[in-house]
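Single-letter residue listing:
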Amino acid sequence: MAATFTAVNAQSKKKQSIDSKISSLIKKLTLEEKISLLHANGIFSAGGVKRLGIPAIMTDDGPLGVREDVKEGWGPANLTTDSATFFPNGSALAATWNPGLAYRYGHDMGEEARARGKNVMLAPAFNIARMPLCGRTYEYYSEDPFLNARLAVQSVKGIQSQHVAACVKHFAVNNQEVERGRVNVEVDERALREIYLPAFKAGITEGNAWTIMSAYNKLRGVYCSENDYLLNKILKDEWNFKGAVISDWGGTHSTVNAANNGLDLEMGSNPPYKTYYFADKLLDSVKAGKVSIKVIDEKVHRILWVLYHTGMSANLPKGAINTPAHSKTAYDIASESIVLLKNDQHLLPLNTSAIKSIAVIGDNATRTFHLGGFGAGVKARYEVTALAGLQNRLGKTVNIKFSQGYSGAYKSSGSFVNDETKGADPALVEQAVAVAKSCDMAILFIGGNRDYESESRDRKDLSLPFGEQTLVDAVTAVNPNTIVVVVGGAPYNISQIKKSNHTIVWSWYNGSENGNALADVLTGKINPSGKLPFTFPADLKDSPAFALNAYPGDNLQVDYKEGILVGYRWFDTKKIEPLYCFGYGLSYTSYKYSDFQTNKKSYKPSEYIVATLKVKNTGKYAGKETVQLYVSKIGSVVERADKELKAFKKIDIAVGETATVTLTIPVKDLAYYDVKTSKWIVEPGKYKLLAGTSSRDIEQSSAIEVVD
Ligand code: BGC
């Protein structure tokens, strides 16, 4: 008790001393200097008051790693010091279901940001995957608010452990790229609170994120960058956010409204910075009495507060770029993210002693993913392609022959990404078929790429681009030992492949160690443990936003008609069979679940449900299994999803061993958001707890009761 008290006391003293330092600095700043802290003065920089020793606020993109430096006009600065580790994309990280890896990702990226003198990393990004076509799905995590929140908190903590502020983005409901700068989102309050805000709330209140980025779009008729409800009421009042709200680049639309409604720092891409809403116009508005000095001082306080935790903090760590530990983190995330979708003939793991030759086919086998499309990328120190990974691991004993198979060159324009390549290239297919015929087996690397999935546009549909289906069919026809590896950051329609092929692996834009991780999964050094962080619909029209004609909106307005039924919540409640369900992923081994129990049968809202179960590894390989715990309300007074994820745990189990898994759910997490009273309500009555290996493979269940 005494120790805790001392710690709390020390913390509040530290806070007081930062607050009093900030207050005395504010007294020394002229109004012009204060305003200079509130708007950009370069593509990624703002502020800085030399005479008082206040450094500039240096920001940089995430989330794939620390972006290369750019010069005015966004061209590369061509430095020799700005390369970085390329970390797996957001949905890859989510597919690991491993919050510990999210912390390491944040920590290592923070260390690289620190080494490059950045104060704010514009990451993590975790808007909900409301519909599968969003061009930034690959940057984001999941369709599920709980998985989203658990990863967000750890990413934030990791980044900030290096005295670099995380900037959680994009706040809020930025769920499509089409018309993102103008579209108005109408979403009911319950869906906003239960689906779209939880990860932001957790990132702020548990992760303690020091900055947040307002989204480009409008919410209920008001731009997010000047949205009093989002920024002042929810973020600053309800969640007690102490840090700074940063606009998205060029996402500010007014001076007085934005200033009074909660925006703290205006960023953007193009000079002259004097013309920004928060530059001379803000100064004029203060002089005209439209924005008070109190409001300005509060913003300056927030910005200095961020600086005192970052560039102005005592004992700043030095940071380091692409250390072996960072490469190991990239490798661990990649190897835990790869999802085994189908292995009907047990072709995987490869029996390498019996294989003499492999045809490696497809543009994605040699393509890198650290750069591409529109938006943030990383100048990777290195990136191991799939082909290089297989050569690294098998090159000495196996004859590996490569054939490109298709061209993934893609130049996007307009709002929608559309496959304009008009099918397969017959010459490339013919060459691939010849190579496939001459080898013991073929591994196809197909899917999207970083030009095809891109910020600022959405895909037009879920189809595989570049004539890939034709290639898959042609290669499979001549070599029965064909494995299909699909690479992408979002769902694609691979139903034809699921029907016709026996072995399918899903991989991602998987960072610097991509190829090594892939080769290790294929050869069995790593037993796959990735689980899908979103539903793969069998048909786009099964997906809620399409079933309800609620995307991309009419007259620049999109109504989230599906309400709380996003992702698997929709598919399960409406009993629609997806192609692959949320949480799905196979292993080279098998697990048996048993002995599911809860510590009690009846709980008060203030209590915790402690559930335990046994998981036995009944197969031939050691493995990692993610136990997923869903909850279903029996006979609810309000609309509910068929089930909701409330806890999960990833565990390592040796061959033949049985692990006892404990999962804890605070009963308050069973609450729904009551729109009438604006309160979270834990409804008394019966609930079913469902423990499974995916959202649709429920192995054990138990009922509990909540009493008032
Ligand atoms: C993106 C942000 C990004 C910013 C700076 C914007 O277009 O929406 O996510 O941080 O650009 O690159």
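Parameters and conventions
- Every chain is numbered on its own, with residues counted from 1 as its sequence reads.
- Local features in a predicted model are, by the rule used here, given only for residues with pLDDT of at least 70; side-chain atom pairs are given and counted only at 80 or more, and totals for whole chains, interfaces and linings are based on all residues.
- By convention in this description, side-chain values take in all heavy atoms of the structure and omit both hydrogens and water.
- Runs of E in the DSSP output that reach at least two residues are strands. Runs of H or I that reach at least four are helices, and both are numbered from the N terminus.
- Between the two quantities, the radius of gyration covers C-alpha atoms and the globule rule is 2.2 Å times the number of residues to the power 0.38.
- Burial status follows relative accessibility: with a 1.4 Å probe on protein chains alone, a residue under 20% of its type maximum counts as buried, one over 50% as exposed, and anything between as partly exposed.
- Residue contacts are defined here by distance: any two heavy atoms, one from each residue, within 4.5 Å place the two residues in contact.
- Surface accessibility in these figures is a Shrake-Rupley result with a 1.4 Å probe; residues are shielded only by whichever protein chains are displayed.
- Lys and Arg are tallied as positive, Asp and Glu as negative. Neither His nor the chain termini are counted.
- Note on charges: their place is set at NZ of Lys, CZ of Arg, CG of Asp or CD of Glu.
- For every domain, the bounds stem from an assignment made automatically or drawn from a database.
- Reported buried area values correspond to the accessible surface (1.4 Å probe) lost by two parts on association, with both partners' losses combined.
- What makes a salt bridge here is a side-chain nitrogen of Lys or Arg within 4 Å of a carboxyl oxygen of Asp or Glu, nothing more.
- We call two N or O atoms a polar contact when they sit within 3.5 Å, provided that within protein one can donate a hydrogen and the other can accept it, with sequence-adjacent residues counted only if both atoms are side-chain atoms.
- Only Asp, Glu, Lys and Arg are considered charged, only Ala, Val, Leu, Ile, Met, Phe, Trp, Tyr, Cys and Pro nonpolar, and every remaining residue, Gly among them, polar.
- The nearness test applies per residue and asks whether one of its heavy atoms lies within 4 Å of the molecule or strand.
- Expected helix span is given by 1.5 Å per residue-to-residue step, counting one fewer step than there are residues.
- Criterion for a disulfide: a pair of cysteine sulfur atoms within 2.5 Å.
- Stacked, edge-to-face and tilted labels apply to pairs of Phe, Tyr and Trp rings (six-membered ring for Trp) whose centres lie within 6.5 Å, assigned for plane angles under 30 degrees, over 60, and everything in between, in that order.
- Strands are labelled as partners when DSSP assigns at least two bridges between them.
- An axis is simply a line fitted to the C-alpha atoms; with a helix, the fit covers only the stretch in contact. Between two such axes, the angle follows the N-to-C directions and lies from 0 to 180 degrees.
- Geometric relationships in this document are graded by angle, where less than 35 degrees denotes roughly parallel, more than 145 denotes roughly antiparallel, 65 to 115 denotes roughly perpendicular, and other angles denote oblique.
- In a left-handed crossing the near helix is turned counterclockwise from the far helix by less than a right angle, and in a right-handed crossing that turn is clockwise.

Here we come to the overall build of the protein. When helices and strands are counted, the protein shows 19 helices and 28 strands. Computed over its C-alpha atoms, the radius of gyration of the protein comes to 26 Å, within 12% of the 27 Å expected for a compact globule of 708 residues. Per-residue burial for the protein yields a buried fraction of 61% across its 708 residues. Across the protein, the fraction of contacts at a sequence separation of at least 24, relative to all contacts at a separation of at least 6, is 78%. Here the protein has roughly 25500 Å² of accessible surface; of this, 51% comes from carbon and sulfur atoms. Averaging the positions of the 83 positive and the 74 negative side-chain charges in the protein gives two centres separated by 4 Å.

Many descriptions give the size of an interface as the accessible area lost when the pieces come together. According to the domain assignment, the protein consists of domain 1 (328-534) and domain 2 (591-706). A separation of 35 Å is found between the C-alpha centroids of domain 1 and domain 2. Contacts between the two partners involve five residues from domain 1 and, on the opposite side, nine residues from domain 2. Roughly 610 Å² is buried in total at the junction of domain 1 and domain 2, and carbon and sulfur atoms are behind 39% of that figure. Taken together, domain 1 and domain 2 are joined by three salt bridges. Where domain 1 touches domain 2, the interface holds six residue pairs in polar contact (both at pLDDT 80 or more). For the side of domain 1 that touches domain 2, the class distribution of residues is one nonpolar, two polar and two charged.

What follows covers the site of the ligand. In the vicinity of the ligand, 14 residues are found, and the nearest of them are Asp61, His170, Tyr216, Asp248 and Glu455. Within the side chain of Asp61, an N or O atom sits 2.5 Å from an oxygen atom of the ligand. One of the side-chain nitrogen or oxygen atoms of Asp248 is found 2.7 Å away from an oxygen atom of the ligand. Relative to its unbound accessible area of 310 Å², the ligand is 94% covered by the protein chains. In terms of residue class, the shell around the ligand is made up of six nonpolar, one polar and seven charged.

This paragraph deals with the side chain of Ser632. Secondary-structure assignment places Ser632 in strand β22 (residues 623-633). Residue Ser632 is classed as buried on the basis of its relative accessible area of 13%. Within the local environment of Ser632, its side chain forms a polar contact with the backbone oxygen of Asp642, the two atoms lying 2.7 Å apart. Setting aside residues no more than four positions away along its own chain, Ser632 makes contact with Asp642, Tyr687, Lys688 and Leu690.

Right, let's talk about helix α5 (residues 145-160) for a bit. The α-helix advances 3.6 residues per turn, and as a result positions three or four apart in sequence lie on the same side. Over its 16 residues, α5 extends 22 Å from the first C-alpha to the last, a length consistent with the 22 Å expected when each residue adds 1.5 Å. In terms of burial, α5 is largely enclosed, as 13 of its 16 residues are buried. Where α5 starts, the residue carrying a side-chain oxygen 2.9 Å from the main-chain nitrogen of Phe146 turns out to be Asp144.

Summarising the element assignment, Lys649 is placed in strand β23 (residues 644-653). Excluding anything up to four places from it in sequence, Lys649 contacts Glu625, Thr626, Val627, Val661, Thr662 and Leu663. There is a polar contact of 2.7 Å between the side chain of Lys649 and the backbone oxygen of Thr662.

A few words now on the state of the cysteines. As used in these notes, a disulfide is a covalent bond between sulfur atoms, one from each of two cysteines. Applying the stated criterion to the full structure yields zero disulfides. Take Cys167: it sits in no disulfide, and the sulfur closest to it among the cysteines is that of Cys224, at 14 Å.

Attention now goes to the packing of aromatic side chains. If you walk through the whole model with that rule in mind, you get 30 aromatic pairs. Between Phe126 and Tyr141, the aromatic rings sit 6.3 Å apart at their centres with planes inclined by 25 degrees, giving stacked as the arrangement. Of this pair, Phe126 sits in the loop between β3 (120-122) and α5 while Tyr141 sits in the loop between β3 and α5; the two residues are 15 residues apart in sequence, bridging distant segments of the chain. A relative accessible area of 2% places Tyr141 in the buried class.

On to the sheet that holds strand β12 (residues 399-403), then. Think of a sheet as strands paired side by side through backbone hydrogen bonds, with each pair either parallel or antiparallel. Here we have six strands laid out as an open sheet, ordered β10-β17-β16-β14-β11-β12, and mixed in their pairing. Two strands in the sheet have a free side with no partner beyond their single neighbour: β10 (339-343) and β12. Ignoring which end each strand starts from, the neighbouring axes of this sheet average 20 degrees apart. The pairing of strand β14 (residues 441-447) with strand β16 (residues 482-487) spans six bridges and is classified as parallel.

Below, the discussion takes up the packing of helix α6 (residues 189-196) against helix α8 (residues 228-238). For the pair α6 and α8, interaxial distance at closest approach is 15 Å and the crossing angle is 55 degrees. In terms of orientation, α6 lies oblique with respect to α8. In terms of crossing hand, the pair formed by α6 and α8 is right-handed. Two secondary-structure elements touch here, α6 through Glu189, Leu192 and Arg193 and α8 through Tyr229, Ile234 and Glu238. Looking at the contact of α6 with α8 residue by residue, the classes come out as three nonpolar, no polar and three charged.

Enumeration according to the criterion identifies 45 salt bridges in this entry. Note that Arg67 and Asp61 form a salt bridge whose closest N and O atoms lie 2.9 Å from each other. Judged on exposure class, the residue Arg67 and its partner Asp61 are both buried. Linking Glu683 and Arg640 is a salt bridge whose minimum nitrogen-to-oxygen distance equals 3.0 Å. You can see Glu683 sitting in the loop between β26 (679-681) and β27 (685-692) and its partner Arg640 sitting in the loop between β22 and β23, a full 43 residues away along the chain.

Note the cis peptide between Ala123 and Pro124, where omega equals 0 degrees. Positive phi, normally seen in glycine, also occurs at Asn208, with a value near 65 degrees. Mapped onto the elements, Asn208 comes out in the loop between α7 (198-205) and β6 (211-214).

What the four strands build is an open sheet, ordered β8-β7-β5-β18; its pairing is mixed. Here the strands that pair on one side only, and so sit at the sheet edges, are β8 (222-223) and β18 (557-559). With three bridges joining them, strand β5 (residues 184-186) and β18 adopt parallel strand pairing. Its bridge partner being in β18, Asn184 is matched across the sheet by Gln557.

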